[in-house]
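What the coordinates show
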Amino acid sequence: MARGLLIVFEGCDRSGKTTQSTRLVQALNGAGVAAKLLKFPDRTTAIGTMIDGYLQQKTRLSDQAIHLLFSANRWEAMDQMRADLESGTTLVVDRYAFSGVAFSAAKKMDPRWCRAPDVGLAMPDRVFFLDIHPDDAAKRAGFGGEIYERREMQIEVRAQFSSMMDKSWSVVDALQDADEIHGQILALANEALERHRADPAPIGRLWT
Ligand code: NYM
Ligand code: MG
């Protein structure tokens, strides 16, 4: 049996990643594809609780400490993720190490330092980037509730994401109707799954 694919959603805050990643997993499961939804930060773990306190501005941490906690929160999930991928389950992940680099580098931290703690994580097969201008995101309900949800920060984060894109990324216009976005992403995901079934690649590439 072919391994599962690692599919990641990235984007600025309020771009619709949670909605779209949830819908993608539902659609894949409905079509008989084994797929599981994951989210980073995973706020349910002990490390995730510390991250949540920081994001909600209840606790303060240095830029370096919070960066490393976000990375540790991915590492604590990695063994299970690898086991799932190897047993044929496709993983759909709401944010990943790209968010780690984009948000920290947007605070003027050294991008090379920011990439380092994630070195060795499984590299995604496909990344869907939900693109929204921060002025439009700011109009959406809930924007501004957490620490990084400020216009200037989001503009810098968006630029950081742009600098990380390669051919495994698809940029999707997040201002479109949710059904339209879902249709586009499902088509892209099915295409990737079909290609993988025809020519299964092992879990190879690692984060560098
Ligand atoms: N975030 C998320 C980071 O700064 N670094 C990371 O490694 C990850 C995964 O956390 N503003 C930031 C991006 C968001 C915030 O994410 C919470 P979400 O998806 O809103 O729960
Ligand atoms: Mg958020």
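Presented here is an overview of the structure given in this document.

Reading guide: rules and limits
Residues numbered from 1 in each chain as written. Chains lettered and ligands numbered in written order. Predicted model: local features only at pLDDT ≥ 70, side-chain atom pairs only at ≥ 80, totals over all residues. Heavy atoms only, no water. Helix = DSSP H or I, 4+ residues; strand = E, 2+ residues; numbered from the N terminus. Expected span 1.5 Å × (residues − 1). Buried < 20%, exposed > 50% of the residue type's maximum accessible area, 1.4 Å probe, protein only. Arc of directions from axis to C-beta. Contact = heavy atoms within 4.5 Å. Near = heavy atom within 4 Å. Polar contact = N/O pair within 3.5 Å; in protein donor to acceptor, adjacent residues only side chain to side chain. Salt bridge = Lys/Arg side-chain N within 4 Å of Asp/Glu carboxyl O. Axes fitted to C-alpha atoms, helices over the stretch in contact; angles between N-to-C directions. Parallel < 35°, antiparallel > 145°, perpendicular 65-115°, else oblique. Left-handed = near helix turned anticlockwise from the far one by under 90°. Core = buried A, V, L, I, M, F, W, Y, C linked by side-chain atoms within 4.5 Å. Phe/Tyr/Trp six-rings, centres within 6.5 Å; stacked < 30°, edge-to-face > 60°. Lys NZ or Arg CZ within 6 Å of the ring centre and 35° of its normal.

A word on helix 1 (residues 17-30)
An α-helical turn contains 3.6 residues, so a residue and the one three or four places further along point in the same direction. Counted at 1.5 Å a residue, the expected span for helix 1 with its 14 residues is 20 Å, and the 20 Å between its end C-alpha atoms agrees. Three or more residues of helix 1 are buried, namely K17, Q20, S21, L24, V25 and L28. Angular distribution of buried residues about the axis of helix 1 spans 135°; they occupy a single face of the element. Opposite the buried face of helix 1, at more than 90 degrees from it, the exposed residues are Q26 and G30. If you follow the buried residues of helix 1, they end up packed against strand 1 (6-11), strand 2 (35-39), strand 3 (90-94), strand 4 (126-131) and helix 8 (178-198). Directly after helix 1, the chain includes G32, whose backbone phi takes a positive value near 85°.

Here we look at the site of ligand 1
Neighbouring residues of ligand 1: 14 residues in total, closest D13, K39, R43, R74 and R95. Between ligand 1 and the protein, one listed contact pairs a nitrogen atom with a side-chain N or O atom of D13 at 2.8 Å. Within the contact set of ligand 1, an oxygen atom lies 2.8 Å away from a side-chain nitrogen or oxygen of R43. Those elements giving two or more residues to the shell around ligand 1 turn out to be helix 3 (63-86) and helix 4 (97-105). Ranked by residues supplied to the shell around ligand 1, first place goes to helix 4 with 3 residues.

Re the pattern of salt bridges
Opposite charge on two side chains lets them pair, provided their charged atoms get close. Per the stated rule, a full pass over the model turns up 14 salt bridges. Of the charged contacts, one joins D136 and K139 as a salt bridge, the two residues approaching to 3.3 Å between their closest N and O atoms. Looking at D136, the relative accessible area reads 22%, which means it is partly exposed. For K139, a relative accessible area of 67% gives the class exposed. When salt bridges that share partners are traced, they join R43, D52 and E146 into one network.

Some thoughts on the packing of helix 1 against helix 8
Relative to each other, helix 1 and helix 8 sit at 55°, their axes nearing to 10 Å. Comparing the axis directions of helix 1 and helix 8 gives the class oblique. At the point where helix 1 passes helix 8, the crossing takes the right-handed sense. On helix 8, the residues that touch Q20, R23, L24, A27 and L28 of helix 1 are A178, D179, I181, H182, I185, L186, A189, N190 and L193.

Regarding the nonpolar core
In terms of nonpolar packing, the biggest core is built from 39 residues, with L6, M81, V93, Y96, F98, V157 and F161 touching the most fellow members. Among the secondary structure elements, those contributing two or more residues to this core are strand 1, helix 2 (46-55), helix 3, strand 3, helix 4, strand 4 and helix 7 (151-164). Element by element, the count of residues in this core is highest for helix 3, at 7 residues. Setting aside residues no more than four positions away along its own chain, V93 makes contact with L6, I7, V8, F9, L38, F40 and M81.

A closer look at the environment of V171
Structurally, V171 is set in strand 5 (residues 169-173). Separated by 22 residues in sequence, V171 and E149 have C-alpha atoms that sit 21 Å apart. Among residues more than four places away in sequence, those in contact with V171 are F129, D131 and M165.

A word on the packing of aromatic side chains
For the structure shown, the criterion picks out 10 aromatic pairs. Centroid distance F103 to F161: 6.4 Å. Interplanar angle 80°. Geometry classified as edge-to-face. One end of the pair, F103, is in helix 4; the other, F161, is in helix 7, and 58 residues separate them in sequence. Each member of the pair, F103 together with F161, is buried. Linked through ring pairs, Y54, F98, F103, F129, Y148, F161, W169 and W207 together constitute an aromatic cluster. The ring of W207 is capped by R115, whose NZ or CZ atom sits 4.3 Å from the centre of that ring.

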